[in-house]
Amino acid sequence: MIQRIDHLGVAVKDVEESTKFYRDVLGLETGELIEHHGMRMVFIKIGESNFELIEDGNPDSVIAKYIENKGEGIHHVSLIVDDIEAELKAVKEKGVTLIDEKARLGAEGFPVAFLHPKSTNGVLVEFCQKEE
Ligand code: ZN
């Protein structure tokens, strides 16, 4: 079952610089800097949901390519599911193209998997199985 939005992933050029807006202007609680597979990320808590700021200095990375093509902005929407493998199987059976056929560990240490935007009206959807 899909439970709620966990976070909005935001592609940024400079994660420290971008964090200032959320912390200093909006007054939100910002998390520690996380380094994960060459990406630098900060999670920012907003009620039950979060922003996930993502920077990747590698020009061949998906984040850098996204910024090159579309500029900085919302990159993906992450939905919490109770059983990620069951949800992946269910959407695949309904014709959705998966980027990740199997869940893998995300930056926060929870299993995550992405659905292809061509199956989701252009929205990069992430499933995340997060124990709360
Ligand atoms: Zn994410």
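See the structure printed just above.
**Observations regarding the side chain of His76**
Among the secondary structure elements, His76 is positioned in strand E5 (residues 73-81). Assessed through its relative accessible area of 3%, His76 is described here as buried. A polar contact of 2.9 Å, which involves the side chain of His76, links it to the side chain of Glu52. Ignoring any residue separated from it by four or fewer positions in sequence, one finds His76 in contact with His7, Leu8, Gly9, Glu52, Ile54, Phe114, Leu124 and Glu126.

**Considering helix H2 (residues 62-70)**
Restricting attention to buried positions, one finds in H2 the residues Ile63, Ala64, Tyr66 and Ile67. With its buried residues spanning 160° around the axis, H2 presents them on a single face. Counted as exposed and oriented over 90 degrees from the buried face of H2: Val62, Glu68 and Asn69. The inward-facing, buried residues of H2 abut strand E1 (2-11), strand E3 (39-46), strand E4 (49-56) and E5. Of the residues flanking the end of H2, it is Gly71, one or two places downstream, whose phi is positive at about 85°.

What counts, and where the lines are drawn
Residues numbered from 1 in each chain as written. Predicted model: local features only at pLDDT ≥ 70, side-chain atom pairs only at ≥ 80, totals over all residues. Heavy atoms only, no water. Helix = DSSP H or I, 4+ residues; strand = E, 2+ residues; numbered from the N terminus. Buried < 20%, exposed > 50% of the residue type's maximum accessible area, 1.4 Å probe, protein only. Polar contact = N/O pair within 3.5 Å; in protein donor to acceptor, adjacent residues only side chain to side chain. Contact = heavy atoms within 4.5 Å. Arc of directions from axis to C-beta.

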